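Secondary and tertiary structure notes
Spelled out, the chains give:
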Amino acid sequence: MKYGFLLAVSILLAACAPSAPEQSLTFEDAWVRAMPPGAGMTAGFGRLVNHSDLVLEITAFTSPAFGDVSLHETVTENGVSQMREVPRLSIPPDGEIELAPGAYHLMLMMPTQASGPQNRVTLQIEESGGQKFTFDLPVVRR
Ligand SMILES: [Cu+2]
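Residues numbered from 1 in each chain as written. Predicted model: local features only at pLDDT ≥ 70, side-chain atom pairs only at ≥ 80, totals over all residues.

1. Considerations on the pairing of strand 4 (residues 66–77)
Of the pairings in the sheet, the one linking strand 4 to strand 8 (residues 104–111) comprises 7 bridges and is antiparallel in character. Residue pairing in the sheet places Leu-71 in a bridge with Leu-106 of strand 8. Two strands pair when backbone bridges link them, and strand 4 and strand 5 (residues 80–85) are joined in this way by 6 bridges, in the antiparallel orientation. Within strand 5, the position partnered with Glu-73 by the bridge is Arg-84. (Pairing = 2+ DSSP bridges. Helix = DSSP H or I, 4+ residues; strand = E, 2+ residues; numbered from the N terminus.)

Following this line, the structure appears as structure tokens:
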């Protein structure tokens, strides 16, 4: 009886504890757009959140599912929409940068596996200090 009560209390406490992020960088609501068969590239989106009190300078994106991964920005100049590569991305302390259609996005090229809607994509992000973060992104038809 007493054991059961303690167990219930500890489960409640665990449920109420603020979920402290385990790493200084998280990729929230991240997803990769499903590719139609035969497509050579796709894009990834989400919110890169810096939980540390230092600027995080992202220098590289890699994935075993793609031969070439880069960060792009869609910019409109003189009414013409263009993409350009962003070699480094600075995320301010406790700040975040959103990757969304029409703005920053991950450009995923040279697929090494089929990225259908049932698959997931592993993504590694490296910052200037050499720290690497690994994320598992769902492939979504959207
Ligand atoms: Cu692009």
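This is not the end of the story, as more comes after the structure.
2. Focus: the environment of Leu-137
Note on placement: Leu-137 falls in strand 10 (residues 132–140). Among the residues examined, Leu-137 registers 22 C-beta atoms within 10 Å and is labelled buried. A C-alpha to C-alpha distance of 9.8 Å links Leu-137 and Glu-28, two positions 109 residues apart in sequence. Contacts of Leu-137, omitting those with residues within four sequence positions, involve Ala-30, Trp-31, Val-32, Gly-44, Arg-120, Val-121 and Leu-123. (Buried ≥ 20, exposed ≤ 12 C-beta atoms within 10 Å, placed from the backbone. Contact = placed C-beta atoms within 7 Å.)

3. Some words on the pairing of strand 2 (residues 41–50)
Summarising the sheet, strand 1 (residues 25–33) and strand 2 pair through 6 bridges and their orientation is antiparallel. Paired with Thr-26 across the strands is Val-49, a residue of strand 2. By the bridge criterion, 4 bridges tie strand 2 to strand 8 in an arrangement that is antiparallel. Across the sheet, residue Gly-44 finds its bridge partner in strand 8, namely Leu-106. Sheet topology places strand 2 next to strand 7 (residues 96–99); 4 bridges connect them, and they run antiparallel. What sits directly across from Val-49, in strand 7, is Glu-96.

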